[in-house]
Amino acid sequence: RALARDLVNTPGNFLYPETYARIMEEVAGQCGLDVEVYDEEYLAANGFGGIVAVGQGSARPPRLVHLVWDGTEGASSRAIALVGKGITFDTGGISLKPAPQMEDMISDMGGSAAQLASIAAAARLGVNARIEAWLPLAENMPSGSATRPGDVITHYGGLTSEVLNTDAEGRLVLADALARASEDAPDYLIEVATLTGAQMVALGTRTTAVMGSDEFRDRVAEIGREVGENAWAMPLLVEQEEELRSPIADMRNVHNSRNGGMLYAGLYLSRFIHDDTQWVHMDIAGPSWNTGSVHGYTPKRATGTPVRTIVEALSELAGK
């Protein structure tokens, strides 16, 4: 949890995709993880259109980091995928955010930090499972090369998205990473992101929203409450399927409504999950960054949420 806090607290001029990937390599070396770093040329050549689209407005190009812990012992070991949003700074891109509190957007890589810390903890604990983390890293900036509202992009695997709002960028990078992780058909997939302001409208700043496969979703939310990281199960709405449609692409990245924005994002991400995989999406927009005073063991700024939840879930899935 301390590792995740330190990373999230690091200013964007020090922590950007290239340096962040280098830190991940260092952590991997310390914990016995296998690691691969894919640069912008590889991503463009291999169809990772979401990561490329979000990162192309920045002078600091994107990365995708693949970490592996193979602690399997025996035939019953499970394959688990971890995915986490790694937007090292989020201006909103062409759909520029308001200036007040934009400095807090150094925290928009909190999901990837939590997943890095969790797979490192799993390795040190010797969790009996094969765990693969796919962590997309990008800086979302406005420039002459940035993605425009109305652009259509092609994600890894071939699904297309109409980008109506470039500030809904997290789901674009996550879609590529989820599609790649799902290609290996893991038994379970846990994805974490500081994804929507709508999460705070729905559940406040201290409770993580959990969406996904019903049984696994409910259990992960319960684990969160057991380990002191408040979490609550939320639905994916059938009635939003129509809102997901685009006239020129397979889907659109926002629905231009204030209603159920957090759930719409979860529904969008669900399109990139393998049918046989039990999965959860954890929206930590509020809980990962404490703008108020210290409470309990939670400090100001980065909180490290939901590392405890993920590590406990990994241990439980591995049968320990």
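Structure: above.
Since the structure is predicted, the reported quantities are computational estimates derived from the model, not experimental observations.

## Remarks on empty space enclosed by the protein
Here's step 1: Taken as a whole, this structure holds 2 cavities of 30 Å³ or more when the rule is applied.
Here's step 2: The computed volume of the largest cavity comes to approximately 80 Å³.
Here's step 3: Along its surface, the largest cavity is lined by 13 residues, and A53, V54, N140, T147 and T166 are the ones closest to its centre.
Here's step 4: Partitioned by chemical class, the residues of the lining of the largest cavity number 7 nonpolar, 5 polar and 1 charged.
Here's step 5: The computed volume of the second largest cavity comes to approximately 40 Å³.
Here's step 6: As for the second largest cavity, its lining consists of A4, V8, G110, S288, A302, T303, G304 and T305.
Here's step 7: Residues that form the lining of the second largest cavity fall into these classes: 3 nonpolar, 5 polar and no charged.

## Description of the packing of aromatic side chains
Here's step 1: With the rule as written, the count across this model stands at 6 aromatic pairs.
Here's step 2: Aromatic pair Y38 and W134: ring centres 6.4 Å apart, planes at 10°, arrangement stacked. Pair noted here: Y38 is in strand 1 (residues 34-38) and W134 is in strand 5 (residues 129-140), with a separation of 96 residues, a long-range link. Like W134, Y38 is buried.
Here's step 3: Ring geometry for Y268 versus F272: centroids 5.7 Å apart, planes at 45°, classification tilted.
Here's step 4: Overall, Y268 belongs to the buried group, its relative accessible area being 0%.
Here's step 5: By relative accessible area, which is 5% here, F272 ends up buried.
Here's step 6: Counting every residue linked through ring pairs, the aromatic cluster contains Y38, Y42, F48, W134 and Y156.
Here's step 7: The ring of Y16 carries the charged tip of R60 above its face, separated from the ring centre by 4.1 Å.
Here's step 8: Against the face of Y297 rests R308, its NZ or CZ located 4.2 Å from the ring centre.

## Quick look at the sheet that holds strand 11 (residues 251-252)
Here's step 1: Spatially, 6-7-11 is the arrangement adopted by the 3 strands of the open sheet, whose pairing is mixed. The open sheet has two free edges, formed respectively by strand 6 (152-154) and strand 11, since each of these has just one partner strand.
Here's step 2: Of the strand pairs in this sheet, strand 7 (residues 160-162) and strand 11 are connected by 2 bridges, and their pairing is parallel. Residue pairing across strands places E162 opposite R252, the latter belonging to strand 11.

## What about the pattern of salt bridges?
Here's step 1: Under the counting rule described, the total for this entry stands at 20 salt bridges.
Here's step 2: K85 is the salt-bridge partner of E169, the closest N and O atoms lying 3.3 Å from each other. With E169 in the loop between strand 7 and helix 6 (170-182) and K85 in the loop between strand 3 (78-84) and strand 4 (86-90), the pair connects residues that are 84 residues apart, well separated along the chain. Side by side, E169 and K85 carry an identical accessibility label, which is buried.
Here's step 3: Residue R219 pairs with E226 through a salt bridge whose shortest N-O separation is 3.3 Å.
Here's step 4: Overall, R219 belongs to the partly exposed group, its relative accessible area being 23%.
Here's step 5: Salt bridges here are not isolated pairs; linked through shared partners, they connect R219, E222, E226 and E316.

## Notes on the packing of helix 6 against helix 10 (residues 261-270)
Here's step 1: Their axes nearest at 9 Å, the elements helix 6 and helix 10 cross at an angle of 30°. One element, helix 6, and the other, helix 10, form an angle in the roughly parallel class. Viewed along their axes, helix 6 and helix 10 form a crossing whose handedness is right-handed. Contacts between helix 6 and helix 10 pair R171, L172, L174, A175 and L178 from the former with Y264, A265, Y268 and L269 from the latter.
Here's step 2: For the contact of helix 6 with helix 10, a count of residues per class yields 8 nonpolar, no polar and 1 charged.

## Focus on the pairing of strand 5
Here's step 1: Within strand 5, 11 of the 12 residues are buried, which leaves it mostly tucked inside the rest of the structure.
Here's step 2: As paired strands, strand 2 (residues 63-70) and strand 5 are joined by 8 bridges and run antiparallel to one another. Residue V65 lies in a different strand from strand 5, and its bridge partner there is L135.
Here's step 3: Strand direction decides the pairing type here: strand 3 and strand 5, joined by 6 bridges, are parallel. Of the residues in strand 5, the one forming a bridge with L82 is A133.
Here's step 4: Relative to strand 5, strand 4 is paired through 4 bridges, and the arrangement is parallel. In the strand pairing of strand 5, F89 is matched with E139.

## Digging into the nonpolar core
Nonpolar side chains in soluble globular proteins generally cluster together in the buried interior.
Here's step 1: The biggest cluster of nonpolar side chains holds 56 residues, and the ones touching the most others in it are L82, I131 and I190.
Here's step 2: Looking at this core, the element that brings in the most residues is helix 5 (residues 110-125), giving 8 residues.
Here's step 3: When residues no more than four places from it in sequence are discounted, the contact partners of L82 are Q115, I119, I131, E132, A133, W134, I190, I310 and L314.
Here's step 4: L64, A81, Y156 and L172 belong to the second largest nonpolar core, which has 36 residues in total.

Definitions and cut-offs
Residues numbered from 1 in each chain as written. Predicted model: local features only at pLDDT ≥ 70, side-chain atom pairs only at ≥ 80, totals over all residues. Heavy atoms only, no water. 1 Å grid on protein atoms, 1.4 Å probe; cavity = no way out; pocket = protein on both sides within 12 Å on 5 of 7 lines; lining within 4 Å. Points joined across faces, edges and corners; volume = space filled by probe spheres on them. Nonpolar A, V, L, I, M, F, W, Y, C, P; charged D, E, K, R; others polar. Phe/Tyr/Trp six-rings, centres within 6.5 Å; stacked < 30°, edge-to-face > 60°. Helix = DSSP H or I, 4+ residues; strand = E, 2+ residues; numbered from the N terminus. Buried < 20%, exposed > 50% of the residue type's maximum accessible area, 1.4 Å probe, protein only. Lys NZ or Arg CZ within 6 Å of the ring centre and 35° of its normal. Pairing = 2+ DSSP bridges. Salt bridge = Lys/Arg side-chain N within 4 Å of Asp/Glu carboxyl O. Axes fitted to C-alpha atoms, helices over the stretch in contact; angles between N-to-C directions. Parallel < 35°, antiparallel > 145°, perpendicular 65-115°, else oblique. Left-handed = near helix turned anticlockwise from the far one by under 90°. Contact = heavy atoms within 4.5 Å. Core = buried A, V, L, I, M, F, W, Y, C linked by side-chain atoms within 4.5 Å.

Read these as spatial facts, not as claims about activity.
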